[in-house]
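# Descriptive analysis of the structure
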Amino acid sequence: MRAPTTVKDRHAFHTLIDARSPAEFAIDHIPGAINCPVLDDAQRVIVGTLYKQQGAFEARRVGGAMVAENLAKHLREKFADQPAKWTPLVYCWRGGLRSGSMVTWMRMVGWDAQQLQGGYKSWRRFVIDALEAQCPTLPLRVLVGATGSAKTSVLHALAAQGHQVLDLEGLAVHKGSILGAVPGQAQPSQTAFETGLAHVLEKLDPTRPLYVEGESRKIGRLTLPTPLVMHLRASPCIEIRATPQARLDYLLRDYAYLGDAPQALADKLGMLKDLHGKQVIERWQGWALAGDLQALFAELMSLHYDPHYTRSQSNNFSAWATRQTLETDDLSQAGVDALATAVAKLP
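Keep in mind it's a predicted model, so treat the numbers as computed, not measured.

So, about the overall build of the protein chain. Looking only at helices and strands, the protein chain features 14 helices and eleven strands. Each principal axis of the C-alpha distribution contributes one length, and for the protein chain these read about 70 × 45 × 35 Å. Relative to all contacts within the protein chain whose residues are 6 or more apart in sequence, the contacts with residues 24 or more apart total 71%. Per element, the accessible surface of the protein chain, about 17300 Å² overall, is 56% carbon and sulfur.

In structure tokens, the structure reads:
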């Protein structure tokens, strides 16, 4: 008899199938999985309501017909071209009826289908355990620098040069500041963010440096795992110290899209009223509505970002006093590439 299939066995299968509803899949799923729902979102609500109101038998009677229809559709469409030696691994929420019904039909066809023991919940436990175990041991090199120092771009350049990076803002789909929302892209769920993080860490070489940007505990509405925050704040720091003009030029390029939605920008600036007072915020909002991003970002740097940076770094990073510093007046792509090369050469 074959041993139960666990999360660590998933790479041995040709296809990983998530049998949950599309809404569940959208919140989070195992990386690489395809969604072949046994019950769609509306059907899941119907079956759940029947279970509560009329009991398990009626829910299974009605739900069974829906499951049969959906499985027949998958067999005709998504699975139609799979060869006899295809090996799918199927999971649902707990590794119960939904994935079990799909596996039963697949085995009747002749495929060696297996059910993931514990379903998605076993994956979630795997992610939590992996983050708790790996984060404290990561060979981090933390890039720090005032807002506009091109830290994320330097990370991308390091990756392009073949170095290991952990792009937390990329995983979070957010640039980390009050203006950091990415146009047209929502942030992932907290669980999906943690899944993405665990997926990156699973593939790392622990003998090589891992470059990461110094972040606060939250990126947008997402929270970094506590073990990662604690280790990040205790790791060696590399400060990028760019001139104010280079930073301003970079910010104007990197946030140019904010000029396309002046009212939305003005509304976001209104959230800073308690910090800077009505008069300052009204001036900033006026520049936003007029499209004068240069004046706006110059004052944001001098009155908001830079004072906060000066206060926070020594408090947040225990290795701040022994940081290594790279100075530059060029944050063009060529300048960023040169910074990445210099960062990688540091001991």
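What follows covers the pattern of salt bridges. Counting across every chain of the model gives 14 salt bridges. We note a salt bridge from arginine 44 to glutamate 24, for which the minimum N-O separation is 3.3 Å. Placement of the pair is arginine 44 in helix H2 (residues 41-54) and glutamate 24 in helix H1 (residues 22-27), with a sequence separation of 20 residues. Residue arginine 44 is classed as partly exposed on the basis of its relative accessible area of 40%. You can call glutamate 24 buried: its relative accessible area is 8%. Across the salt bridge formed by glutamate 194 and arginine 124, the nearest N and O atoms sit 2.5 Å from each other. Pair noted here: glutamate 194 is in helix H8 (residues 190-202) and arginine 124 is in helix H5 (residues 119-134), with a separation of 70 residues, a long-range link. Here the residues in one salt-bridge network are Glu239, Arg241, Arg323 and Glu327, joined through shared partners.

Time to look at the pairing of strand S10 (residues 237-242). Sheet faces and side chains relate simply in a regular strand, where the side chains alternate between the two faces. Taking burial as the measure, the six residues of S10 include five buried ones, the bulk of the element. The sheet contact formed by strand S5 (residues 140-144) and S10 spans three bridges and is parallel. Each bridged residue has a counterpart across the sheet, and for valine 142 the counterpart in S10 is cysteine 237. Pairing analysis gives five bridges linking S10 to strand S11 (residues 324-328), with the strands arranged parallel. Following the sheet pairing, glutamate 239 is matched in S11 by threonine 325.

The rules behind the values
Residues numbered from 1 in each chain as written. Predicted model: local features only at pLDDT ≥ 70, side-chain atom pairs only at ≥ 80, totals over all residues. Heavy atoms only, no water. Helix = DSSP H or I, 4+ residues; strand = E, 2+ residues; numbered from the N terminus. Contact = heavy atoms within 4.5 Å. Areas by Shrake-Rupley, 256 points an atom, 1.4 Å probe, with all protein chains shown as cover. Salt bridge = Lys/Arg side-chain N within 4 Å of Asp/Glu carboxyl O. Buried < 20%, exposed > 50% of the residue type's maximum accessible area, 1.4 Å probe, protein only. Pairing = 2+ DSSP bridges.

Functional significance is not addressed by these values, which are geometric in nature.
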